[in-house]
Amino acid sequence: MKVVATEKAPKALGPYSQGYVHGGILYSAGQIAINPEKDAVVAVTIEDQTEQVCKNLGEVLKEAGTDFDHVLKTTCFLADMGDFAAFNEVYGKYFTSKPARSCVAVKTLPKGVLCEVELIAAVE
């Protein structure tokens, strides 16, 4: 197993890793809209937070040696299902290969963010 850790994505908020690669598969932790340069949530809108989440995931993918085209599955968490369409607009710009996905509404997310995404990707 290989631990995935990059300074270009937010550090873990608890006792977990940004991701692990095992058997040619990346399993990422959920990413929220923390700007890693400021170590804070800066984005306010669902669109801007989704953009930051996708950028963070992109850095984790890159560190693991893969990319968005190799994502097999995502799990998406929204604080408000009313944001579903706006979330999808930004999400769709990154996940163009249309991986399998689950998307659920949750009561609250860390730091009061509006969305969180975790993924599973192939690493060649």
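Here the structure is shown first, and the text comes after it.
(A) Spotlight on the packing of helix α1 (residues 46-64) against helix α2 (residues 84-94). Their axes nearest at 8 Å, the elements α1 and α2 cross at an angle of 30°. The pairing of α1 with α2 is recorded here as roughly parallel in orientation. At the point where α1 passes α2, the crossing takes the right-handed sense. Packed against α1, whose contacting residues are I46, E47, T50, E51, C54 and K55, the element α2 presents A86, F87, V90, Y91, K93 and Y94 at the interface. Classifying every residue of the contact of α1 with α2 by side-chain character gives seven nonpolar, one polar and four charged.

(B) Structural view of the packing of aromatic side chains. Scanning all chains against the criterion turns up four aromatic pairs. Here the aromatic residues F68, F87, Y91, Y94 and F95 are joined through ring pairs into a cluster of three or more. Lying across the ring of Y91, R101 places its NZ or CZ 4.7 Å from the centre.

Cut-offs and rules
- Residues numbered from 1 in each chain as written.
- Predicted model: local features only at pLDDT ≥ 70, side-chain atom pairs only at ≥ 80, totals over all residues.
- Heavy atoms only, no water.
- Axes fitted to C-alpha atoms, helices over the stretch in contact; angles between N-to-C directions.
- Helix = DSSP H or I, 4+ residues; strand = E, 2+ residues; numbered from the N terminus.
- Parallel < 35°, antiparallel > 145°, perpendicular 65-115°, else oblique.
- Left-handed = near helix turned anticlockwise from the far one by under 90°.
- Contact = heavy atoms within 4.5 Å.
- Nonpolar A, V, L, I, M, F, W, Y, C, P; charged D, E, K, R; others polar.
- Phe/Tyr/Trp six-rings, centres within 6.5 Å; stacked < 30°, edge-to-face > 60°.
- Lys NZ or Arg CZ within 6 Å of the ring centre and 35° of its normal.

That is the geometry; function is a separate question.
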